[in-house]
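# Descriptive analysis of the structure
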Amino acid sequence: MPPDDELPTPRGPARVDTDLPVGPPSALLVLGHGAGGDVDAPDLRALRDAAVGDGLVVARVTQPYRVAGRRAPAPAGHLDEAWTAVLAVLRRRHRGVPLLVGGRSSGARVACRTAVAVGAAGVVALAFPLHPPGRPERSRAAELATGLPTLVVNGDRDPFGVPPSGPGRRVVTRPGERHDLRGDPAGTATVVRDWLRGQGWARG
């Protein structure tokens, strides 16, 4: 299995960067990127390092529009379709372990919208954009209502807002952080790692 490969989707090829732990994996964590960003965002890289160190396979998925060199995001339906196609392949590659989905910002929204359909056991949402800046009436909170164990990590200065806690959903607010969560990526990754351990998905 190549560590960095392209997979076909109905919306064009997506790219997958896969990092494997030492020894048998405890879970598969698949992460998506923000709308105009990529999978090398500081919080995603820090989470990858922490999760792989705790026994998880981590796959970071680059959406087809970014593989094609575009910065403007594809429509939500196209993002979900491509993501679902990639997840089907990754589930076949990594059988027998729980599937966890997540990402940052737009990637977190995609993961939430498709979590039940792809058979995920849990969701990790970094910088979930609760609403467009200055438009709190346009809430996206319904996307978080997956019915699955969900961790949300947002900065307290995020102009996209901070989602409320809910049934099965833990929300951690990082002081001083904005939407990019660049202030302390390792601290954000530690929050996620501790939650994964508490859920039994990381070796610790």
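Before reading on, note that the structure itself is shown above.
Definitions and limits used
- Residues numbered from 1 in each chain as written.
- Predicted model: local features only at pLDDT ≥ 70, side-chain atom pairs only at ≥ 80, totals over all residues.
- Heavy atoms only, no water.
- Helix = DSSP H or I, 4+ residues; strand = E, 2+ residues; numbered from the N terminus.
- Rg over C-alpha atoms; globule rule 2.2 N^0.38 Å.
- Buried < 20%, exposed > 50% of the residue type's maximum accessible area, 1.4 Å probe, protein only.
- Contact = heavy atoms within 4.5 Å.
- Areas by Shrake-Rupley, 256 points an atom, 1.4 Å probe, with all protein chains shown as cover.
- Lys, Arg positive; Asp, Glu negative; His and termini not counted.
- Charge placed at Lys NZ, Arg CZ, Asp CG, Glu CD.
- Phe/Tyr/Trp six-rings, centres within 6.5 Å; stacked < 30°, edge-to-face > 60°.
- Salt bridge = Lys/Arg side-chain N within 4 Å of Asp/Glu carboxyl O.
- Core = buried A, V, L, I, M, F, W, Y, C linked by side-chain atoms within 4.5 Å.
- Expected span 1.5 Å × (residues − 1).

A separate point is the overall build of the chain. Tallying secondary structure elements over the chain gives five helices and eight strands in all. When the helices and strands of the chain are placed in sequence order, the string is β-β-β-α-β-α-α-β-α-β-β-β-α. Its C-alpha radius of gyration of 15 Å places the chain within 12% of the 17 Å reference for a compact globule of 204 residues. For the chain, the spread of C-alpha atoms along the three principal axes comes to 45 × 40 × 30 Å. Residue burial in the chain is summarised as follows: out of 204 residues, 54% are buried. The long-range share in the chain, meaning contacts at least 24 apart out of those at least 6 apart in sequence, stands at 62%. Approximately 8,500 Å² of the chain is accessible, and the part contributed by carbon and sulfur atoms is 52%. Seen as two clouds, the 27 positive and the 20 negative side-chain charges of the chain have centres 3 Å apart.

The final tally for this structure, using the stated rule, is one aromatic pair. With a centroid separation of 5.6 Å and an interplanar angle of 65°, the aromatic rings of Trp195 and Trp201 are classed as edge-to-face. The burial state of Trp195 is the same as that of Trp201; both residues are buried.

What follows deals with the pattern of salt bridges. Summed over the entire model, instances satisfying the criterion amount to 15 salt bridges. Across the pair Asp54 and Arg197 runs a salt bridge, and its minimum N-O distance is 2.6 Å. Taken as a pair, Asp54 in the loop between α1 (42-53) and β4 (56-62) and Arg197 in helix α5 (residues 185-198) lie far apart in primary sequence, 143 residues in all. On the basis of relative accessible area, Arg197 is assigned to the partly exposed category, the value being 33%. Residue Glu143 is joined to Arg109 by a salt bridge in which the shortest nitrogen-to-oxygen separation is 2.7 Å. Taken together, the residues span a long stretch of sequence, with Glu143 in the loop between β6 (122-126) and β7 (150-155) and Arg109 in helix α4 (residues 106-114) at a distance of 34 residues. Taken together, the salt bridges that share partners define one network made up of Asp80, Arg109, Arg113 and Glu143.

Generally speaking, a soluble globular protein has its nonpolar side chains buried in company with each other. Counting 32 residues, the largest nonpolar core has Leu28, Val30, Val61, Trp83, Leu90 and Val101 as the members making the most contacts within it. Elements with a minimum of two residues in this core: β2 (14-19), β3 (27-32), β4, α3 (76-93), β5 (99-104), α4 and β6. Here this core gets six residues from one element, more than from any other, and that element is α3. Beyond its immediate sequence surroundings of up to four residues, Val101 is in contact with Val30, Trp83, Leu87, Ala111, Ala115, Val118, Ala120, Gly122, Val123 and Val124. Core analysis: the next-biggest nonpolar cluster, separate from the first, contains 24 residues, Ala51, Leu100, Ala127 and Val172 among them.

Moving on, we come to α5. Taking 1.5 Å as the rise per residue, α5 with 14 residues should run 20 Å; its terminal C-alpha atoms sit 20 Å apart, in good agreement. For α5, the full list of buried residues reads Pro185, Gly187, Thr188, Ala189, Val191, Val192, Trp195 and Leu196. At the exit of α5 stands Gly200, carrying a positive phi of roughly 85°.

The phi torsion of most residues other than glycine is negative, and most of the peptide bonds are trans. The backbone phi angle of Ala127 is positive, close to 50°, even though this residue is not glycine. Relative to the elements of secondary structure, Ala127 occurs in the loop between β6 and β7. Ala127 sits in the buried class, given a relative accessible area of 0%. Its identity as a non-glycine residue notwithstanding, Leu181 has a phi of 50°, on the positive side. With respect to the helices, strands and loops of the structure, Leu181 is situated in the loop between β8 (169-174) and α5.

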